[in-house]
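One letter stands for each residue in the lines below.
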Amino acid sequence: RQWILIADSIAYFRDISKSEAYGDVHITDTSGQQQARAGFGQYWHRQGYGKLDQQPKLVLKEDDREDKRTVTARTMEVFRQGNIAILSGDVRYHQDSLEAACGRAIYYRDRGQLVMEESPRIWQPEARLEAGLINLYFRGDSINALEAFDSVALYQFHRAALDTDLIRGDSLWAEFEGGRLSQARTIGHVWSLYHQIEQERRRGFNIIQSQRMEFYFNQGRLSSIVIPQKAQGAFFGEEER
């Protein structure tokens with residue numbers, strides 16, 4: 001009642017209540033908001049469990065907007081109970097200018113959450129995030145926040161220069177506005193390096209260490225840092241000519 005299955009060939013095994021679909025498999029819900037494509041698919045009706053192979057692709061849309069999220073992997077498993085999808089092998093996520101990749105991911109449709117495991121990384125044109133585990137949270141059709149754990153590293157790039165700002169820590173919580181990073185809070189062995197230009201146009205960079213730091217961004221670029229705990233830091237400037 002909730003799903004439509006289309007394929008080049010479909011077989012149904014009544015005794016074990018199982019369906020198999022071959023060639024250009026297309027599964028969609030009646031609203032058209034969730035769609036999946038693959039070369040081969042299996043579904044066990046009693047268990048509410050399905051598996052897609054041969055370049056599976058999951059497309060997620062919200063409301064009537066044209067924006068959509070896509071997830072690809074080598075294997076995709078879906079569970080009717082809980083609206084859960086498990087993706088394995090070269091998992092790729094794409095939305096607008098944001099892309100992500102990992103070895104394994106779990107998507108919780110009802111929670112609006114994507115859990116990324118096995119060397120997860122996220123990047124935009126001017127930033128890249130790496131960690132041991134990354135959780136993405138969605139509000140409607142866009143990313144609202146993320147949290148990262150275990151050897152977190154956030155890189156910020158300068159388009160007009162070769163400088164790269166870096167934030168490291170044990171864990172990080174970040175929030176987004178309009179698809180861009182707006183603020184980040186880091187805890188545990190925080191270490192940051194960021195470049196700046198002094199008022200007299202002298203270039204240099206700062207290194208700061210603390211147990212907790214907060215970072216605020218303007219249009220995706222670092223604008224200010226708040227350090228609520230004891231910290232150590234140093235500024236390294238270019239020699240005046």
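Procedures and definitions
- Residues numbered from 1 in each chain as written.
- Predicted model: local features only at pLDDT ≥ 70, side-chain atom pairs only at ≥ 80, totals over all residues.
- Heavy atoms only, no water.
- Salt bridge = Lys/Arg side-chain N within 4 Å of Asp/Glu carboxyl O.
- Buried < 20%, exposed > 50% of the residue type's maximum accessible area, 1.4 Å probe, protein only.
- Core = buried A, V, L, I, M, F, W, Y, C linked by side-chain atoms within 4.5 Å.
- Contact = heavy atoms within 4.5 Å.
- Phe/Tyr/Trp six-rings, centres within 6.5 Å; stacked < 30°, edge-to-face > 60°.
- Helix = DSSP H or I, 4+ residues; strand = E, 2+ residues; numbered from the N terminus.
- Lys NZ or Arg CZ within 6 Å of the ring centre and 35° of its normal.
- Polar contact = N/O pair within 3.5 Å; in protein donor to acceptor, adjacent residues only side chain to side chain.
- Pairing = 2+ DSSP bridges.
- pLDDT = per-residue confidence, 0-100.

**Brief notes about the pattern of salt bridges**
Inference 1: For the structure shown, the criterion picks out seven salt bridges.
Inference 2: Across the pair K18 and E20 runs a salt bridge whose closest N-O atoms are separated by 3.1 Å.
Inference 3: A relative accessible area of 11% means that K18 is categorised as buried.
Inference 4: Judged by its relative accessible area of 13%, E20 is buried.
Inference 5: With its nearest N and O atoms 3.2 Å apart, the salt bridge here joins D90 to R92.
Inference 6: The partly exposed category is assigned to D90, whose relative accessible area is 41%.

**Here we look at the nonpolar core**
Inference 1: Counting 42 residues, the largest nonpolar core has I122 and L136 as the members making the most contacts within it.
Inference 2: Non-local contacts of L136, meaning those with residues more than four positions away in its chain, are made with G112, Q113, L114, M116, I122, I143, A145 and L146.

**Overview of the packing of aromatic side chains**
Each aromatic ring pair is characterised by the separation of its centres together with the angle its planes make.
Inference 1: As enumerated under the stated definition, the model contains five aromatic pairs in all.
Inference 2: Ring plane angle 50 degrees and centroid distance 5.1 Å describe the contact between Y49 and F79, whose orientation is recorded as tilted. Taken together, the residues span a long stretch of sequence, with Y49 in strand 5 (residues 49–53) and F79 in strand 8 (residues 75–79) at a distance of 30 residues.
Inference 3: The partly exposed category is assigned to F79, whose relative accessible area is 31%.
Inference 4: Taking the centre distance of 5.8 Å and the plane angle of 45 degrees together, the rings of Y93 and F138 count as tilted. In this pair, Y93 sits in strand 9 (residues 84–95) while F138 sits in strand 14 (residues 133–139), placing the two residues 45 residues apart along the sequence. There is no split in this pair, since Y93 and F138 are both buried.
Inference 5: Taken together, the ring pairs in this structure connect W44, Y49 and F79 into an aromatic cluster.
Inference 6: Sitting above the plane of the Y155 ring, R128 keeps its charged end 4.3 Å from the centroid.

**Side note on the side chain of T75**
Inference 1: If you trace the backbone, T75 turns up in strand 8.
Inference 2: Engagement of the side chain of T75 in a polar contact is seen with the side chain of D53, the distance being 3.3 Å.

**Focus on the environment of V190**
Inference 1: Along the chain, V190 turns up in strand 17 (residues 180–197).
Inference 2: Separated by 18 residues in the primary sequence, V190 and L172 have C-alpha atoms spaced 9.6 Å apart.
Inference 3: If we ignore the near neighbours within four places in the chain, the residues touching V190 are R168, G169, I208, Q209, S210, Q211, R212 and M213.

**What about the environment of Y108?**
Inference 1: Along the polypeptide, Y108 turns up in strand 10 (residues 98–108).
Inference 2: In the structure, Y108 is positioned 23 residues away from A85 in sequence and 6.8 Å away in space, judged by C-alpha atoms.

**A short note on the pairing of strand 13 (residues 127–130)**
Inference 1: Alternating residues of strand 13 divide into A127 and L129, all buried, and R128 and E130, none buried.
Inference 2: Between the end of strand 12 (residues 121–124) and the start of strand 13, which pair antiparallel, lie two residues.
Inference 3: Examined bridge by bridge, strand 13 and strand 15 (residues 142–157) share four bridges and lie antiparallel to one another. Within strand 15, the position partnered with A127 by the bridge is Q156.

**Describing the confidence of the model for the chain**
Inference 1: Per-residue pLDDT for the chain has a mean of 83; in total, 86% of the residues score no lower than 70.
Inference 2: The least confident element of the chain is strand 20 (residues 231–237), whose mean pLDDT is 75; the most confident is strand 2 (residues 9–13), at 95.

**Some thoughts on unusual backbone geometry**
Leaving glycine aside, a negative phi is the common case for residues, and trans is the common case for peptide bonds.
Inference 1: Even without a glycine there, the phi angle at S17 is positive, about 50 degrees.
Inference 2: For S17, a relative accessible area of 9% puts it in the buried group.
Inference 3: Even without a glycine there, the phi angle at Q54 is positive, about 65 degrees.
Inference 4: Mapped onto the elements of the fold, Q54 is located in the loop between strand 5 and strand 6 (57–61).

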